[in-house]
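Spelled out from the first residue to the last, the chains are:
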Amino acid sequence: MVRTEPGSGMGVVNSLRRVIGTEPGLYECRHCGTKLEHEPAACPNCGTGEIAHYEL
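Since the structure is predicted, the reported quantities are computational estimates derived from the model, not experimental observations.

### Brief notes about the overall build of the protein chain
Point 1. Helices and strands together make up the secondary structure of the protein chain, namely 1 helix and 3 strands.
Point 2. Taken from the N to the C terminus, the helices and strands of the protein chain come in the order α-β-β-β.
Point 3. Looking at the protein chain as a whole, 20% of its 56 residues are labelled buried.
Point 4. In the protein chain, of all internal contacts separated by at least 6 residues, the share reaching a separation of at least 24 is 30%.

### Thoughts on the pattern of salt bridges
Proximity of charged atoms lets side chains of opposite charge pair with each other.
Point 1. Using the criterion set out here, one finds 1 salt bridge in the structure.
Point 2. The salt bridge involving Glu28 is made with Lys35; its shortest N-O contact spans 2.8 Å.
Point 3. A residue is classified by how much of its surface remains accessible, and Glu28, at 17% relative accessible area, is buried.
Point 4. On the basis of relative accessibility, which here comes to 54%, the residue Lys35 falls in the exposed class.

### Examining the side chain of Glu28
Point 1. For Glu28, the position within the fold is in strand S1 (residues 25-29).
Point 2. Among the polar contacts made by the side chain of Glu28, one reaches the side chain of Lys35 at a distance of 2.8 Å.

### Some words on the confidence of the model for the protein chain
Point 1. Residues of the protein chain with pLDDT of at least 70 account for 64%, and the chain-wide mean is 79.
Point 2. Ranking the helices and strands of the protein chain by mean pLDDT puts strand S2 (residues 35-36) first, with 93, and helix H1 (residues 10-20) last, with 70.

### What about the environment of Tyr54?
Point 1. Along the polypeptide, Tyr54 turns up in strand S3 (residues 51-55).
Point 2. With relative accessibility at 40%, the residue Tyr54 sits in the partly exposed group.
Point 3. In this structure, the C-alpha to C-alpha distance between Tyr54 and Glu28, residues 26 residues apart in sequence, is 8.2 Å.

The rules behind each value
- Residues numbered from 1 in each chain as written.
- Predicted model: local features only at pLDDT ≥ 70, side-chain atom pairs only at ≥ 80, totals over all residues.
- Heavy atoms only, no water.
- Helix = DSSP H or I, 4+ residues; strand = E, 2+ residues; numbered from the N terminus.
- Buried < 20%, exposed > 50% of the residue type's maximum accessible area, 1.4 Å probe, protein only.
- Contact = heavy atoms within 4.5 Å.
- Salt bridge = Lys/Arg side-chain N within 4 Å of Asp/Glu carboxyl O.
- Polar contact = N/O pair within 3.5 Å; in protein donor to acceptor, adjacent residues only side chain to side chain.
- pLDDT = per-residue confidence, 0-100.

And the structure:
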């Protein structure tokens, strides 16, 4: 078993949030990969409606 400091796993999550924003999720176009701050009806870059949502 690997022992870690209490709460040390949050360092990675906090680092990701600094990179992608403060929201606990990420929206991304499945077609062109454009990162989005919220879920639009269609990607503003390529127009597809295929938007992925990843919860962090």
